[in-house]
Amino acid sequence: MDDSASPIVAETPLAQSHREAHASLGTWFGCALPSDFGDWRSEFNFARNRVGLLDKNYRAYLSFTGPDRVRYLNAILTNNIKELAEQHGTVSLLLNPQGRILAEIETYALGEALFCVSYLMIRDRLIEWLDQYIIMDDVTLTDDSSRFGTLALEGPLAVAVAKRAAGVDITSLEELQSVAATVREIPCRLVRRTVGGLASAEFVVPAEYLSPLWKVLLNLAREDGGGPVGYTALNALRLTQGIPWFGYDFGEKQIPHEAGLQHSHISYSKGCYTGQEIVERVRSRGQVNRQRVQLRFSADALPAPDTILTAGGREAGYVTRVAQLPDSSGGIGMGYARKENNTPGTVLEYPGGTATVIARATAAASD
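Residues numbered from 1 in each chain as written. Predicted model: local features only at pLDDT ≥ 70, side-chain atom pairs only at ≥ 80, totals over all residues. Heavy atoms only, no water.

Regarding the pattern of salt bridges
Part 1 of the argument: Counted according to the given criterion, the structure contains 24 salt bridges.
Part 2 of the argument: Measuring nitrogen to oxygen at the nearest pair gives 3.8 Å for the salt bridge that ties Asp143 to Arg123. Placement of the pair is Asp143 in strand β9 (residues 140-143) and Arg123 in helix α4 (residues 123-133), with a sequence separation of 20 residues.
Part 3 of the argument: Judged by relative accessible area, which is 24%, Arg123 ranks as partly exposed. (Salt bridge = Lys/Arg side-chain N within 4 Å of Asp/Glu carboxyl O. Helix = DSSP H or I, 4+ residues; strand = E, 2+ residues; numbered from the N terminus. Buried < 20%, exposed > 50% of the residue type's maximum accessible area, 1.4 Å probe, protein only.)

What follows is the structure in structure tokens.
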């Protein structure tokens, strides 16, 4: 679901390489990224059944240094930063006082710094939000977004390809654990992430090495029957896997429990943080009025984001994201449904077709 109507925040540093490969660029996460490399269905197969190479250069990178950095971030993010082990990461939310989701942020403990990963499309506002909490703390925030980039391998053969590339068995790492590595003398930080139940490898590198690293990883992926994967295929795959995207499926309209992030993004034992009172109130109440759901669409004409879903003529929810399935058997999507309409098997309506709830939101992986 190319969001081309949105203003472009940045263009991937690999844009010229992608154009030379006859890729079609679109707007994803507010950035110009490859929609496809000529055949999105084949690319879906790479990531699902072989190994796919992803350009993940929609990210913002912020570093926090100073003796109060841990206390500071622990007081504003929803997950436990204080107990973060060296070279490990965790995914959190930044909430406003009303418990609404302002940002999704991964935080890594790297020596004398905390390294945070978020989204370029909210970078300026994110820095403003984070700055306002630095009052008496001895903390320095540095915007490193132009210094780094990320490429990723995923699919059943990602482990083998990553080992050939960097000499590291990522299955020996814990989730979001990282190690320093080299790929053909290219320095990188290799991060293990689990996607769709399979271990995947992310390579965080200085920006000047993105192009040579892309070429190396692309050749290795092709040796195993894989190749580059654009965001048309990735969108369909993530919806099939039930993985929500920040800015598409959750954001300032939602609180964590509505978005299904209450188990994956929140610590309930760490102490106070901004928005905690709302989170605890919702947890004690035990339910929310609406919840994120996976949807299967009956018609080839897929609904647009924000399309209203109805049940018995009454509003029952809305759509956030959609994709055509590669076998042309209809569409897959995500949205929100009211509590009386979110049971799996419930059939909702939209102009031109029906949407069947196939699952309620569960703990979600970050992307």
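A short note on the sheet that holds strand β1 (residues 10-11)
Part 1 of the argument: Read across the open sheet, the three strands follow the order β1-β3-β2; overall the sheet is mixed. Two strands close off the open sheet at either side, each with one partner strand: β1 and β2 (24-28).
Part 2 of the argument: The pairing of β2 with strand β3 (residues 31-36) spans five bridges and is classified as antiparallel. The residue of β3 that forms the bridge with Ser24 is Asp36.
Part 3 of the argument: The strands that helix α7 (residues 231-241) touches are β2 and β3; relative to β3, the one it contacts most, it runs at about 80°. (Pairing = 2+ DSSP bridges. Contact = heavy atoms within 4.5 Å. Axes fitted to C-alpha atoms, helices over the stretch in contact; angles between N-to-C directions.)

Things to note about the packing of aromatic side chains
Part 1 of the argument: Tallying each qualifying case throughout the model produces 20 aromatic pairs.
Part 2 of the argument: Clustering of aromatic rings is evident, with ring pairs tying together Trp28, Phe29, Tyr58, Tyr119, Tyr231, Trp245, Phe246, Tyr248 and Phe250.
Part 3 of the argument: Note that Arg290 overlies the ring of Tyr336, its terminal NZ or CZ placed 5.6 Å from the centroid.
Part 4 of the argument: Here Arg321 stacks its cationic end above the ring of Trp245, 4.2 Å away from the centre of that ring. (Phe/Tyr/Trp six-rings, centres within 6.5 Å; stacked < 30°, edge-to-face > 60°. Lys NZ or Arg CZ within 6 Å of the ring centre and 35° of its normal.)

Things to note about the side chain of Glu258
Part 1 of the argument: Assignment of secondary structure puts Glu258 in helix α8 (residues 256-259).
Part 2 of the argument: A polar contact of 3.1 Å, which involves the side chain of Glu258, links it to the backbone nitrogen of Ile255.
Part 3 of the argument: Filtering out sequence-adjacent residues up to four positions away, Glu258 remains in contact with Arg100, Lys253, Val288, Arg290, Gln291, Arg292 and Tyr336. (Polar contact = N/O pair within 3.5 Å; in protein donor to acceptor, adjacent residues only side chain to side chain.)

Digging into the environment of Thr171
Part 1 of the argument: With respect to the helices, strands and loops of the structure, Thr171 is situated in the loop between α5 (158-166) and β11 (178-183).
Part 2 of the argument: Judged by its relative accessible area of 44%, Thr171 is partly exposed.
Part 3 of the argument: Each C-alpha atom, one on Thr171 and one on Leu62, is 27 Å from the other, the two residues being 109 residues apart in sequence.
Part 4 of the argument: In this structure, Thr171 is in contact with Val159, Arg192 and Ala199, ignoring residues within four places of it in sequence.
Part 5 of the argument: At 2.5 Å, the side chain of Thr171 and the side chain of Asp169 are in polar contact.

Observations regarding α5
Part 1 of the argument: If you check which residues of α5 are buried, you get Ala158, Val161, Ala162, Ala165 and Ala166. With its buried residues spanning 110° around the axis, α5 presents them on a single face.
Part 2 of the argument: Buried residues belonging to α5 abut β10 (148-154), β11, β12 (186-195), β13 (198-206) and α6 (210-223).
Part 3 of the argument: Just beyond α5, the residue with positive phi is Gly167, at close to 70°. (Arc of directions from axis to C-beta.)

Looking at unusual backbone geometry
Part 1 of the argument: Positive phi, close to 50°, is recorded for Phe29, a residue that is not glycine.
Part 2 of the argument: Along the chain, Phe29 turns up in the loop between β2 and β3.
Part 3 of the argument: Phe29 gets classed as buried once you look at its relative accessible area, which sits at 1%.
Part 4 of the argument: For Gln87, which is not glycine, the phi torsion reads 70° and is therefore positive.
Part 5 of the argument: By relative accessible area, Gln87 is classed as partly exposed at 27%.

Some points on the sheet that holds β13
Part 1 of the argument: What the six strands build is an open sheet, ordered β11-β12-β13-β10-β4-β14; its pairing is mixed. Each edge of the open sheet carries a strand with a single partner, namely β11 and β14 (227-228).
Part 2 of the argument: Summarising the sheet, strand β4 (residues 52-55) and β10 pair through four bridges and their orientation is antiparallel. Bridged to Leu54 within β10 is Ala152.

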